[in-house]
Every structure is written in C-alpha cells, then in structure tokens.
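So the chains spell out like this:
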Amino acid sequence: EIFPEKLLVEFPSGKLGISFKGRTKTRVSRIHDDSVLEGKVYVGMLVDTINIPGSSMFSGLKANEVSRILKDTKRVKGRVVTFVRPGVELRSRNEEALSDYSESRRN
C-alpha cells in the first residue's frame, strides 16, 4: 500500500476507534470497524505530531502517550494529528510540552 508522505487529520471529539503501537515510533496498528477515522487514516502510518487547541503541540510520543493524550482530550474539538508514512523523518520529542501536560494532569 502506498501512503501519502504526510497526512493532517482533524479528529472529532468522542471515541475514535483507533489503536497504536510503538515505543520509539508510534504507528497506527488498527482502525476498528466502527471508527470515525476509517478511510482517513491508514494502518502502518506513523504519528508525527498531535496539536491540541488551547494546549501544546506534542511530538516524539510513545504509543501509550498518544493514547493517553487522545483519551484525556476526547471532549476537545479541533485536535489535529499529523501522520507520516514510514521512512519519513519524525519531529524530535517535545519534552517541555509533555512535562507541562503531565503537570496539568496532576492539578
């Protein structure tokens, strides 16, 4: 399958029906049958960035971090995730955004 080099997808609020895997590079591992993202995102594509309106832009995330951020922000409209095809260089990890995010979750 040929993926686009880069794909920006605006996620709706609510349940997405998508699964991720990866410790260093997060890839889409499954798109569930009832997913609102079916036909918009492809299994095997890599997550490059997540931009949450009113928050930060996250990059360099592990799969569990991607899942947690998307779950925690499920009521937020306008979340934009940038996907890239395998082999495209990913942005480096944004430690500051993750630190700020983790701090805000504790309050």
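Here the structure is shown first, and the text comes after it.
### Focus: the pairing of strand 6 (residues 79-84)
Along any regular strand the residues' side chains alternate between the sheet's two faces.
Move 1: For strand 6, the buried fraction is high: 5 of the 6 residues fall into the buried class.
Move 2: Judged from the 5 bridges that link them, strand 4 (residues 46-51) and strand 6 form a sheet pairing that is antiparallel. Each residue of the ladder has a partner; that of leucine 46, found in strand 6, is valine 84.

### What to know about the layout of surface pockets
Move 1: There is about 280 Å³ of room inside the largest pocket.
Move 2: Lining the largest pocket are Gly14, Lys15, Leu16, Gly17, Ile18, Phe20, His32, Asp34, Ser67, Leu70, Lys71 and Lys74.
Move 3: Mapped onto the lining of the largest pocket, the elements with two or more residues apiece are strand 2 (18-21) and helix 1 (63-72).
Move 4: Among the elements that make up the lining of the largest pocket, the one with the highest residue count is helix 1 (3 residues).
Move 5: Residues that form the lining of the largest pocket fall into these classes: 4 nonpolar, 4 polar and 4 charged.

### Some points on the pattern of salt bridges
Move 1: Counted according to the given criterion, the structure contains 4 salt bridges.
Move 2: Where arginine 91 meets aspartate 48, a salt bridge forms, and the shortest distance between an N and an O atom there is 4.0 Å. Placement of arginine 91 in the loop between strand 6 and helix 2 (95-106) and of aspartate 48 in strand 4 is noted, with a sequence separation of 43 residues between them.
Move 3: Put simply, glutamate 95 and arginine 93 hold a salt bridge, and the shortest N to O gap is 2.9 Å.
Move 4: With a relative accessible area of 29%, arginine 93 lands in the partly exposed category.
Move 5: It is possible to trace a salt-bridge network through shared partners that takes in Glu65, Arg93 and Glu95.

About the thresholds
Residues numbered from 1 in each chain as written. Predicted model: local features only at pLDDT ≥ 70, side-chain atom pairs only at ≥ 80, totals over all residues. Heavy atoms only, no water. Buried < 20%, exposed > 50% of the residue type's maximum accessible area, 1.4 Å probe, protein only. Helix = DSSP H or I, 4+ residues; strand = E, 2+ residues; numbered from the N terminus. Pairing = 2+ DSSP bridges. 1 Å grid on protein atoms, 1.4 Å probe; cavity = no way out; pocket = protein on both sides within 12 Å on 5 of 7 lines; lining within 4 Å. Points joined across faces, edges and corners; volume = space filled by probe spheres on them. Nonpolar A, V, L, I, M, F, W, Y, C, P; charged D, E, K, R; others polar. Salt bridge = Lys/Arg side-chain N within 4 Å of Asp/Glu carboxyl O.

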